[in-house]
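Inside the fold
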Amino acid sequence: MEGMRFLRNMFGMIFIILLMLGWASGCRAQPIDISLLTDDPCAAPCWHNIIPGVSDEEDVRTQLERSPFVKEGTLFRSVDERGVHFVWKSTAGPWNRWFREAENWLWLRDDKVVWIDLFVEYSLSLGEVVEKYGSPEGVSISWHTADFIALRVSLYYPRRGILFSVFEFLDEGGIERMKRGVALVSEDMKVNRVRYFVPDSIEGEQYMRIQEWRGFGEYKAKKAE
């Protein structure tokens with residue numbers, strides 16, 4: 001009897017340990033991509049060993065398939081008249097809940113990466129961007145109105161091949177400024193999206209209404225077309 005009781009207790013403990021390990025595994029935080037701040041494993045416009053203008057499709061597929069930041073089962077490839085596209089979701093997902101199911105994009109033309117478009121996975125402020133990368137070479141600002149009113153602000157670094165974008169829903173103060181044709185660019189604004197591209201390329205120049213950077217403060221803004 002003592003032997004049977006011992007075995008039951010032992011198996012019970014093993015079951016509890018396995019259950020706890022499974023629970024802990026299921027609750028483990030997903031890896032977050034902070035390479036913009038660490039330059040690890042490479043500095044922008046390189047993203048995790050994928051380099052715009054240098055990496056080909058084989059390089060891209062190899063890196064994405066083994067990346068800890070690509071959510072399993074979400075990586076897809078498509079082809080159209082513009083080139084080859086890879087689309088995927090990140091394991092952590094964007095920090096902003098409005099973009100939780102958003103997809104990241106990578107575009108190749110003539111078997112070379114043209115740009116990489118990613119949603120940021122953590123709270124990254126424009127102040128931190130300027131501290132890390134210095135003053136941008138320009139800023140683009142526009143209003144977007146549909147069922148909501150939002151402001152898009154992009155800090156532009158064409159010679160470095162990188163662009164940081166904020167997409168922010170407006171409060172009453174922001175709407176009042178919009179009526180005056182201005183927008184407040186604050187160091188506390190949070191980056192939603194980043195684009196890596198070939199430095200000084202045509203793709204990097206597609207953002208219209210580039211204004212001179214004058215530091216944080218008010219800028220002219222118009223409704224997006």
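Since the structure is predicted, the reported quantities are computational estimates derived from the model, not experimental observations.

Concerning the pairing of strand β1 (residues 76-80)
Relative to strand β2 (residues 83-88), β1 runs antiparallel, the two being bridged by 5 bridges. What sits directly across from F76, in β2, is V87. Between β1 and β2, which follow one another and run antiparallel, lie 2 residues.

A look at the environment of D33
Of note, D33 is situated in the loop between α1 (2-27) and α2 (35-38). Every residue in contact with D33, bar those within four places of it in the chain, is listed here: W47, H48, F69, E121 and Y122. Side chain to side chain, D33 and W47 meet in a polar contact 2.8 Å long. Of the polar contacts made by the side chain of D33, one reaches the side chain of H48; its length is 3.0 Å.

What to know about the side chain of S154
Following the sequence through the fold, S154 ends up in strand β6 (residues 149-157). Since its relative accessible area comes to 2%, S154 is described here as buried. In this structure the side chain of S154 is engaged in a polar contact, spanning 2.9 Å, whose partner is the side chain of S165. The residues contacting S154, other than those within four sequence positions of it, are G138, V139, S140, L163, F164 and S165.

Regarding helix α3 (residues 57-65)
What α3 keeps buried is the set E57, V60, Q63 and L64. Looking straight down α3, one finds its buried side chains confined to an arc of 135°; they lie on one side. α3 presents E58 and E65 as exposed residues on the side facing more than 90 degrees away from its buried surface. On the buried face of α3, the contacting elements are β1, β2, β3 (104-109) and β4 (112-119). The backbone nitrogen of E58 lies 3.2 Å from a side-chain oxygen of the residue at the head of α3, namely D56.

Digging into a negative patch on the surface
Where like charges cluster on the molecular surface, the negative patch consists of E58, D59, D110 and D111. Overall, the relative accessible area of 34% leaves D59 in the partly exposed class.

Conventions adopted
Here, residues in each chain are numbered from 1, in the same order as that chain's written sequence. Side-chain atom pairs in this predicted model are given and counted only at pLDDT of 80 or more, local residue features only at pLDDT of at least 70, and totals for whole chains, interfaces and linings cover all residues. As a rule here, side-chain values cover all heavy atoms of the structure and leave hydrogens and water aside. Note on pairing: DSSP must find at least two bridges between two strands before they are called paired. For helices the rule is a DSSP run of H or I covering at least 4 residues; for strands it is a run of E covering at least 2, with both sets numbered from the N terminus onward. It only takes one pair of heavy atoms within 4.5 Å for two residues to be counted as in contact. Contacts described as polar in this section are N or O atom pairs within 3.5 Å, which, within protein, must combine one atom able to donate a hydrogen with one able to accept it, while residues neighboring in sequence count only if both atoms come from side chains. The cut-offs for exposure are 20% and 50% of the maximum accessible area for each residue type, with area from a 1.4 Å probe on protein chains only; residues under the lower value are buried, those over the upper are exposed, and the others partly exposed. For this quantity, the arc is that covered by the directions from the helix axis to the C-beta atoms. Patch construction takes residues with relative accessible area above 30% that form no salt bridge. Like charges are linked within 9 Å, and nonpolar side chains (Val, Leu, Ile, Met, Phe, Trp, Tyr) are linked within 5 Å. Surface accessibility in these figures is a Shrake-Rupley result with a 1.4 Å probe; residues are shielded only by whichever protein chains are displayed. Only one rule defines a salt bridge in this text: a Lys or Arg side-chain nitrogen within 4 Å of an Asp or Glu carboxyl oxygen. This count recognises Lys and Arg as positive and Asp and Glu as negative, with His and chain-terminal groups excluded. Here the site of a charge means atom NZ of a Lys, CZ of an Arg, CG of an Asp or CD of a Glu.

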